[in-house]
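Structure assessment
The lines below spell out each chain.
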Amino acid sequence: MSRPAPRKPEYHKINKDLFVLTYGALVAQLCKDYEKDEDVNAYLDKMGYGIGTRLVEDFLARSCVGRCHSYSEITDIIAQVAFKMYLGITPSVTCNNSSRNEFSLILDKNPLVEFVEELPAGRSSLCYCNLLCGIIRGALEMVHLAADVTFLQDRLKGDSVTEIGITFLKKLDEKKYRRKK
């Protein structure tokens, strides 16, 4: 008897429009549940963090990227591979300081705001796409990198571009995360 050939795992893609509309409904519900924008922003970041800690495994398995040796290389992988893989866009990357630990991802197009014309009235400090910051922060932490990830500019707030800032704080202690044999 011969064994059947190993099957490649099937990845089911969700319709982008359905995802964007569902995300919009989620943000709208959070705005109803929380009075303060800071609470909504914190909840979206926390939710994104949880997604990022799980998504990094899928990303590493599907992308076959090797070990990165610099913060700029990591940021390029996030922009050119991860954003392309999950959102279908490729942000441009800029380095913001001489120590090469602060970077910006400039999004020409943000698919999460495709059906959003403006922020809800009275919600000027709402970071509508704060989920993305949490996802990036959570994924980086799972590969032992502490980072501060925030929106620096947002087209929904009248800025000319959407810009996500990533500041690498320090490399986390790998010994803390290794399994004991």
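Residues numbered from 1 in each chain as written. Predicted model: local features only at pLDDT ≥ 70, side-chain atom pairs only at ≥ 80, totals over all residues. Heavy atoms only, no water.

Filter applied, for reference: UniProt positions are given in the numbering used here, feature names are shortened, and annotations may be inferred rather than shown by experiment.
If you check an unreviewed UniProt entry, the protein chain appears there as Trafficking protein particle complex subunit from Pipistrellus kuhlii. Entered under Function (unreviewed entry) in the UniProt record, the comment concerning the protein chain runs "May play a role in vesicular transport from endoplasmic reticulum to Golgi." Taken verbatim from the UniProt record of the protein chain, the Subunit (unreviewed entry) comment is "Homodimer. Component of the multisubunit TRAPP (transport protein particle) complex, which includes at least TRAPPC2, TRAPPC2L, TRAPPC3, TRAPPC3L, TRAPPC4, TRAPPC5, TRAPPC8, TRAPPC9, TRAPPC10, TRAPPC11 and TRAPPC12."

**A look at the environment of Gln-153**
How we decide: Each helix is a run of H or I in the DSSP string that is no shorter than four residues. Each strand is a run of E no shorter than two, and both are numbered from the N terminus. Residue contacts follow a heavy-atom distance rule, with two residues in contact if any of their heavy atoms lie within 4.5 Å. Distance and chemistry together define a polar contact, namely a pair of N or O atoms within 3.5 Å, with one atom able to donate a hydrogen and the other to accept it when in protein, and with adjacent residues in sequence counting only for side-chain atoms on both sides.
Checked against the element boundaries, Gln-153 lands in strand β3 (residues 145-153). Aside from chain neighbours lying at most four places away, what touches Gln-153 is Asp-159, Ser-160, Val-161, Thr-162 and Glu-163. Polar side-chain contacts of Gln-153 include one of 2.6 Å to the side chain of Glu-163.

**Quick look at the pattern of salt bridges**
To be explicit about the condition: Salt bridges are defined by distance alone: a side-chain nitrogen of Lys or Arg within 4 Å of a carboxyl oxygen of Asp or Glu. Throughout, exposure labels follow a simple rule: accessible area from a 1.4 Å probe, protein chains only, divided by the maximum for the residue type, with under 20% read as buried, over 50% as exposed, and the rest as partly exposed.
Taken as a whole, this structure holds three salt bridges when the rule is applied. The residue Arg-123 makes a salt bridge to Asp-37 at a minimum N-O spacing of 2.8 Å. Taken together, the residues Arg-123 in the loop between β2 (102-107) and α4 (130-142) and Asp-37 in helix α2 (residues 37-63) connect sequence positions 86 residues apart. Asp-37 matches Arg-123 in its accessibility class, with the two residues each being buried. For Arg-137, the salt bridge is made with Asp-45, and the minimal N-O distance between the two is 2.5 Å. Pair noted here: Arg-137 is in helix α4 and Asp-45 is in helix α2, with a separation of 92 residues, a long-range link. Look at Asp-45 and you get buried, because its relative accessible area is 16%.

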